[in-house]
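# An overview of the molecular structure
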Amino acid sequence: MGATITAVSSNGTYSFTKPNRESVTLLAGLGVEGDVHAGTKVKHRFRVAQNPDQPNLRQVHLMHEELFDELAADGFTVAAGELGENVTTRGIDLLGLPTGALLHLGDEAVVEITGLRNPCRQIDGLQAGLMKKVVGRDASGGVFYKAGVMSVVRQGGEIRPGDAIEIVLPEGPHRPLETV
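Here's what I pulled together on the structure shown here. (Residues numbered from 1 in each chain as written. Predicted model: local features only at pLDDT ≥ 70, side-chain atom pairs only at ≥ 80, totals over all residues. Heavy atoms only, no water.)

## Quick word on the nonpolar core
Counting 24 residues, the largest nonpolar core has L26, L62, L103, L105, I113 and I159 as the members making the most contacts within it. Elements represented by at least two residues in this core include exactly β1 (4-9), β3 (24-27), β5 (60-64), β7 (102-105), β8 (109-116) and β11 (149-155). If one sorts the elements of this core by residue count, β8 sits on top with 4 residues. Contacts of L103, omitting those with residues within four sequence positions, involve L62, I92, L94, L97, A109, V110, V111, I113, I165, E166 and I167. (Core = buried A, V, L, I, M, F, W, Y, C linked by side-chain atoms within 4.5 Å. Buried < 20%, exposed > 50% of the residue type's maximum accessible area, 1.4 Å probe, protein only. Helix = DSSP H or I, 4+ residues; strand = E, 2+ residues; numbered from the N terminus. Contact = heavy atoms within 4.5 Å.)

And the structure:
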């Protein structure tokens, strides 16, 4: 089985979680139609406070469902949309993608990966101790994040659970993901 979308989620108001939907529409250059984080300029409240004129590199948040399996093994129960993601996937190593990778979602939509999502302390509001499980340290002691990736919409379209995901890697040397 190839990479697929397992859930789509959106919320028109600021809330940590996003309800699951039967489908969502991605709008080129904006994000998820009706989602509070859609727009050409940054919408994340912390980032808006820093500089409201920053480009929105966080239009669509994708999360790998395999993380939920990993968390379950540690006694946590997390469902699609609960960590604020718009698109939940299975069968794709989101964290291993390079910056600029294109994901073709369903029949029409295309998103470009811009970077890693840095998890915020609100995660512990969902379940105490969860933040420690989505932030790790590599062998050399460096911090890494497991809370999904951020992207911008290059081509719009409707997406839904069960849609296939096709990966197109950028040409040239691959740049590893950094937080955005």
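Alright, that's what it looks like, and here's the rest.
## A closer look at the layout of surface pockets
The computed volume of the largest pocket comes to approximately 470 Å³. As for the largest pocket, its lining consists of 21 residues, and the residues nearest its centre are H37, H44, R58, R117 and C120. It is helix α1 (residues 45-50) that contributes the most residues to the lining of the largest pocket, 3 residues altogether. Class assignment for the residues of the lining of the largest pocket results in 7 nonpolar, 9 polar and 5 charged. (1 Å grid on protein atoms, 1.4 Å probe; cavity = no way out; pocket = protein on both sides within 12 Å on 5 of 7 lines; lining within 4 Å. Points joined across faces, edges and corners; volume = space filled by probe spheres on them. Nonpolar A, V, L, I, M, F, W, Y, C, P; charged D, E, K, R; others polar.)

## Digging into the environment of V24
Relative to the helices and strands, V24 is located in strand β3. The exposure class assigned to V24 is buried, which follows from its relative accessible area of 5%. For V24 and R175, which are 151 residues apart along the polypeptide, the C-alpha to C-alpha distance reads 29 Å. Discounting residues that sit within four places of it in the chain, V24 has contacts with V8, S9, S10, V32, G157, E158 and I159.

## So, the pairing of β11
The buried count for β11 comes to 5 of 7 residues, which makes it a mostly enclosed element. When β5 meets β11, the two strands line up antiparallel, connected through 3 bridges. If you follow H61 over to β11, its bridge partner there is M150. Of the strand pairs in this sheet, β8 and β11 are connected by 6 bridges, and their pairing is antiparallel. Paired with V110 across the bridge in β11 is Q155. (Pairing = 2+ DSSP bridges.)

## What about the sheet that holds strand β2 (residues 20-21)?
Ordered by their spatial adjacency, 8 strands build an open sheet running β2-β1-β6-β5-β11-β8-β7-β13, and the pairing between neighbours is mixed. This sheet does not close on itself; its edge strands, each paired only once, are β2 and β13 (165-168). Inspection of the sheet shows β1 paired to β2 by 2 bridges, in the antiparallel sense. Opposite S9, over in β2, you have N20 as the bridge partner.

Everything listed is a geometric property; what it means functionally is a separate question.
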